[in-house]
Amino acid sequence: WRDREGAPYSTLVPSDEVTINYRHGLPVITLTLPTRSERCQFTLKPVVTTVGAFLQDVQREDKGIERVEVFATDGSKVSDATLVEVLLMNDFKLVINNTAYSVSPPVKDKLSSEHATEMEDIKSLVHRLFVALHLEDHQVRKERELLQKLDHLKEELLPLEQMKARIMDSAEVKTSRLLWVGLALMSTQGGALAWLTWWVYSWDIMEPVTYFITYGSAMAFYAYFVLTKQDYIYPDAKDRQFLHYFYRKSKTQHFNVERYNKLKEDLAEAEESLRRLRQPLHLRLPIQEINDKD
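Predicted model only: the values in this text are computed from it and were never measured.

J.: Would you mind showing me how to read the pairing of strand β7 (residues 99-103) here?
T.: Consecutive side chains of a regular strand alternate in pointing toward one face of the sheet and then the other. With five of five residues buried, β7 is to be regarded as a mostly interior element. Burial of the side chains of β7 extends over both faces: T99, Y101 and V103 are buried on one face and A100 and S102 on the other. Both strand β6 (residues 92-96) and β7 contribute to a ladder of five bridges, which runs antiparallel. Along β7, the bridge assignment pairs I96 with T99. Here β6 hands over to β7 after two residues, with N97 in that stretch at a positive phi of 55°.

So, in structure tokens, the structure goes:
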């Protein structure tokens, strides 16, 4: 048996040095601590205890242990996040410093279906009791984290909001100015056609002119549709021109529109999370039931 670097362990101890027994339905691992050379028992909760927590308990019990790991029989390391319940399903190797212990968990007697159902009901009841007892502390802690996140996002958004307001005011002024210029040009054109019709020429001469002016306007509107894929509707055209001025001004003012939008999305998400979290605080409901009540 070799470690992760491929070097053989100095000692490979038989399986009887590390034993596993079940007491009151809980596994009890008994092993010899290397520093004091005394047997020590560790009672585990297989449903909630992880391999990492068990290894930390071993190191905490004997300060002389510098390395403690668990490997599967094929030599692959068992993750610290693995539940003890999963670990005890197969044989494994427990490595303490340079000593590898072969461990063979005993086979538990299969429970009857009725007893198994009772055990599942008990587990579910214990889980609900745990949630009921610790839910409020968890929600208060989560609420505090969300409030801190909201304060941080608002601090980042404040200068961007001020810059955005200035840019929007400038874009609004330019857009309104363009609309008034358009109205002035249309009034000038109407006045010129009226003057040419009644004072310079007759309607017989001006009628073809007005026809081609109308046809040219239709061509201009059609060209707008070809370029923008939108109908020439005055409110939409105004909004389009406003955005044009806004983005051009943002570029000159070094206003990061993408970063602003990302912060606004994060702020909305945090506010929504806080709202959903506070709702069960008032109704005294578990967090997982929020979706059902929304």
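After that view, the rundown keeps rolling.
J.: How should the UniProt feature "transmembrane region" (unreviewed entry) in the protein chain be read in this particular structure?
T.: The feature "transmembrane region" (unreviewed entry), as given by UniProt, occupies residues 178-197 and 209-227 in the numbering adopted here. In residues 178-197, helix accounts for 100% and strand for 0%; the two terminal C-alpha atoms are 29 Å from one another. As annotated, residues 209-227 has a helix share of 100% and a strand share of 0%, and its two end C-alpha atoms lie 27 Å apart.

J.: Sorry if this is basic, but what is going on with the pairing of strand β3 (residues 26-33) here?
T.: Taking burial as the measure, the eight residues of β3 include seven buried ones, the bulk of the element. Where strand β2 (residues 19-23) and β3 come together, five bridges link them in antiparallel fashion. Bridge assignment links R23 to a residue of β3, and that residue is L26. The loop that links β2 with its antiparallel partner β3 comprises two residues; one of these, H24, has a positive phi angle of about 55°. By the bridge criterion, six bridges tie β3 to strand β4 (residues 38-43) in an arrangement that is antiparallel. Within β4, the position partnered with L31 by the bridge is C40. The turn linking β3 back onto β4 is made up of four residues, and S37 within it adopts a positive phi angle of 55°.

J.: Would you take a moment to explain the nonpolar core for this structure?
T.: Considering soluble globular proteins, one finds that nonpolar side chains tend to be buried as a cluster. Judged by nonpolar contacts, the single largest core of 24 residues is most densely connected at L31, F54, V70, F92 and L94. Secondary-structure elements contributing two or more residues to this core are β3, β4, α1 (51-61), β5 (68-72), α2 (84-87), β6 and β7. Counting residues per element, this core draws most heavily on α1, at four residues. Leaving out residues up to four positions away in the same chain, F92 has contacts with I20, V70, F71, T73, L87, Y101, S102, V103 and P105.

The rules we used
- Residues numbered from 1 in each chain as written.
- Predicted model: local features only at pLDDT ≥ 70, side-chain atom pairs only at ≥ 80, totals over all residues.
- Heavy atoms only, no water.
- Buried < 20%, exposed > 50% of the residue type's maximum accessible area, 1.4 Å probe, protein only.
- Helix = DSSP H or I, 4+ residues; strand = E, 2+ residues; numbered from the N terminus.
- Pairing = 2+ DSSP bridges.
- UniProt positions renumbered as here; feature names shortened; annotations may be inferred.
- Core = buried A, V, L, I, M, F, W, Y, C linked by side-chain atoms within 4.5 Å.
- Contact = heavy atoms within 4.5 Å.

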